[in-house]
Amino acid sequence: MTFNGWLQILFFFVIILLVTKPLGIFMAHVFNREKTFLDPVLRPIERLIYKLTGVNEEREMRWTEYAATMLLFSVVSMLVLYLIQRLQGHLPFNPQNLPGVDSTASSTGGFVGSAFNTAASFTTNTNWQSYVPEVTMSYLTQMAGLAYHNFVSAAVGIALAIAFIRGIARREMETLGNFWVDMTRAALWVCLPFCIVGALVLVAGGIPQNLRPYDKAQLVDKGITVEVDKKDANGNVVNDSQGNPVKENQPVTEQTIAQGPVASQEFIKEWGTNGGGFFNTNSAHPFENPTPLTNFLEMIAIFAVSAGLTYTLGRMTGSQKHGWAIFAAMAVLFFVGVAVAYWAESKGNPLLAGVDQTASAAQSGGNMEGKEVRFGLANSALWATITTDASCGAVNSMHDSFTPLGGMVPLANIMLSEVVFGGVGAGMYGILIYVVLAVFIAGLMVGRTPEYLGKKIESYDVKMAMLVVLVFPLVILIFAAISVVFPTFGTSQIANPGPHGLSEILYAFTEGAGNNGSAFAGISANTLWYNTTIGITMLVGRFMMIIPMLAVAGNLAKKKIVPPSLGTFPVTTPLFTTLLVSVIVIVGALTFFPALSLGPIVEHLLMQAGKTF
């Protein structure tokens, strides 16, 4: 670790702190239907949308209707994306003439459930990609399918967070707002204008934005070869006597330079904590993230909205100190994660005897495998922490190449339900569930009925909160357990045996349930088993956690306000922040510690003992 590295990390956090209040105030104005500087442009567009769709913006919904409307919208959106992928070979804006996903002419050579997985992924704001985007998705699919979902899935998450905040703020009311109005305002005011400006800034920074066919470049080095399957004159693979494909070396004389409408998808990828990249290597690709400046701007974009929502919470509930207390809890967990990741990567790999891994003016030092030299250790560890604190999943380095403890940080961040700022909206309603549990525990300790901002927390609220907490590990551990005991479809797809292979499988299902989308890239998940099960995991992780969360919000909205007394546990103090952090860590640790012990922890101990796999 270096002073310069820590200075960059602290500078990032200071910028996040500075944007929290103004962005939080802006979102409070948007969802309270107060005037904003964008109203002269966006208000007429909003009214036109309501007129065309028949939405009555004055009509509000109970939590059950809010949830049903959200589910119906998500189902239809998911179906449309699925059809776009399957039919893209017959649709326009496809200069590379890419076939439909899962067709026999596709890169998978047949049906492996990839279109279902991707439709579930982008609908749930996960953006996990088991395919190679630049050789799988046409420009139309990227723009009208994936980028569209980047906006609306983020808008849905923001709308749900606002609904929960209204449930806390309101008293003796049956409604939480109107889903269509909240989602529309989130897309028009919070996502669209910032992403238009952000995309233009990224174009100025060197990120492509065009509809041109891919370019071909002749290689200077003519001696490069790749090993491929030998084929006969009819194009059939030649097998040896044992039935294995015969290999041959094939010279490589040119390189295909993929490009397209990248910048427009890139900024919403971060601003909406989506994470799905236009290119397979995501934000490590120079066309998605060419410079340290674009890297910094994209990291800011990942945290901005989620941090701002903490101030929006305080503003809408009338307790600004409570909003800052939650911000403080998130900040504590963020700094612990980035410190561990940065320290572990800076220590390097002790098995590389004789290799200089010390930081100097000429090199970053430490473990640079899987990292871009233009970003270095500090920004790689910082990005890995940020993207898994939020449910973003964009990466500028390969988590599979991190040291065991360094790689455990992204994994553990997701296992904590990504409430450390979290995804847009998802982090807010996720941490509010933990607030309910923390207040409940505090009430038990002082022997009083738990209260949260003047509202009694009763058994129904705790039961619904526990459903949210229990669904998450249940779906992860069941599918991971099945995968590790079946070599035919489970362990056969991992690149590493032993504990690291377990981490690869565990990470795949954890990111799915956490709607994160990043990966331990050592797993080849574009198979029928992984596409199907991870797709189911993503749907369960999104919607089976949203429904009980909305139930808690609806129940809170109906309650009366109880005047504070000497026995009321304050939710605006450092003591509350400490309790909240403790509850988050303890719930995550008790649930996942056995799995982590068999994965990254034992791998670290083996590495220190000089053993590898």
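Small disclaimer: the values here were computed from a predicted structure and weren't measured. (Residues numbered from 1 in each chain as written. Predicted model: local features only at pLDDT ≥ 70, side-chain atom pairs only at ≥ 80, totals over all residues. Heavy atoms only, no water.)

1. A word on the overall build of the chain
A tally of regular secondary structure across the chain gives 16 helices and eight strands. When its C-alpha atoms are laid out on the principal axes, the chain stretches across 80 × 60 × 45 Å. With 613 residues in all, the chain has 56% of them scored as buried. Sequence-distant contacts, at least 24 apart, represent 78% of the contacts inside the chain between residues at least 6 apart. Carbon together with sulfur atoms contributes 66% to the accessible area of the chain, which is approximately 24400 Å² in total. (Helix = DSSP H or I, 4+ residues; strand = E, 2+ residues; numbered from the N terminus. Buried < 20%, exposed > 50% of the residue type's maximum accessible area, 1.4 Å probe, protein only. Contact = heavy atoms within 4.5 Å. Areas by Shrake-Rupley, 256 points an atom, 1.4 Å probe, with all protein chains shown as cover.)

2. As for the pattern of salt bridges
Under the criterion given, the structure shown has 18 salt bridges. Across the pair E372 and R374 runs a salt bridge whose closest N-O atoms are separated by 2.5 Å. Classification of R374 by relative accessible area gives partly exposed; the value is 23%. One network of salt bridges, with partners in common, ties together R43, E46, E57 and R185. (Salt bridge = Lys/Arg side-chain N within 4 Å of Asp/Glu carboxyl O.)

3. As for the side chain of S306
On the secondary structure map, S306 appears in helix α8 (residues 292–317). For S306, a relative accessible area of 2% corresponds to the buried category. A polar atom in the side chain of S306 sits 2.6 Å from the backbone oxygen of G422. Those residues in contact with S306, other than ones at most four positions away along the chain, are F421, G422, G423 and V424. (Polar contact = N/O pair within 3.5 Å; in protein donor to acceptor, adjacent residues only side chain to side chain.)

4. Some remarks on the packing of aromatic side chains
Tallying each qualifying case throughout the model produces 33 aromatic pairs. Here F303 and F334 contribute two aromatic rings whose centre-to-centre distance is 5.7 Å and whose plane-to-plane angle is 70 degrees, an arrangement assigned as edge-to-face. Taken together, the positions of F303 in helix α8 and F334 in helix α9 (residues 320–347) put the pair 31 residues apart, joining distant regions of the chain. Like F303, the residue F334 is buried in the burial classification. One aromatic cluster is present, formed by F12, F13, F303, Y311, W324, F327, F334, F335 and F421 through successive ring pairs. Directly above the ring of W189 sits R185, whose terminal nitrogen or CZ lies 4.3 Å from the centroid. Lying over the aromatic face of F402, K371 brings its terminal NZ or CZ to 4.2 Å of the ring centre. (Phe/Tyr/Trp six-rings, centres within 6.5 Å; stacked < 30°, edge-to-face > 60°. Lys NZ or Arg CZ within 6 Å of the ring centre and 35° of its normal.)

5. Quick notes on a nonpolar patch on the surface
A contiguous nonpolar patch, built from L72, V76 and V80 and spanning about 270 Å² of accessible area, is present on the exposed surface. With respect to the element layout, V76 can be found in helix α3 (residues 63–87). (Patch = residues over 30% accessible without salt bridge, like charges linked within 9 Å, V, L, I, M, F, W, Y side chains within 5 Å.)

6. Description of the environment of Y452
In this fold, Y452 is placed in strand β7 (residues 451–452). Along the sequence, Y452 and I561 sit 109 residues apart, while their C-alpha atoms lie 9.6 Å from each other. For Y452, the side chain forms a polar contact with the side chain of H322, separated by 2.7 Å.

7. Concerning the nonpolar core
In this structure, F12, F164, F334, L432 and L580 are the most contacted members of the largest nonpolar core, which totals 166 residues. When residues in this core are grouped by element, the largest group, 16 residues, is from helix α5 (residues 139–169). Once residues lying within four places of it in the same chain are set aside, the contact partners of L432 are F164, I165, I168, L313, I326 and Y452. (Core = buried A, V, L, I, M, F, W, Y, C linked by side-chain atoms within 4.5 Å.)

8. Focus on the side chain of N515
Mapped onto the fold, N515 is located in the loop between α14 (498–513) and α15 (528–557). Since its relative accessible area comes to 7%, N515 is described here as buried. Of the polar contacts made by the side chain of N515, one reaches the backbone oxygen of M538; its length is 3.2 Å. When near neighbours in sequence (up to four residues on either side) are disregarded, N515 contacts T124, N125, T126, S391, E418, M538, G541 and R542.

9. Quick word on unusual backbone geometry
A positive phi angle, close to 50 degrees, is found at E172, a residue other than glycine. Relative to the helices and strands, E172 is located in the loop between α5 and β2 (175–177). Positive phi values are uncommon outside glycine, yet E418 reaches one of about 50 degrees. Following the sequence through the fold, E418 ends up in the loop between α11 (404–415) and α12 (426–446). Given the relative accessible area of 3%, E418 is considered buried.

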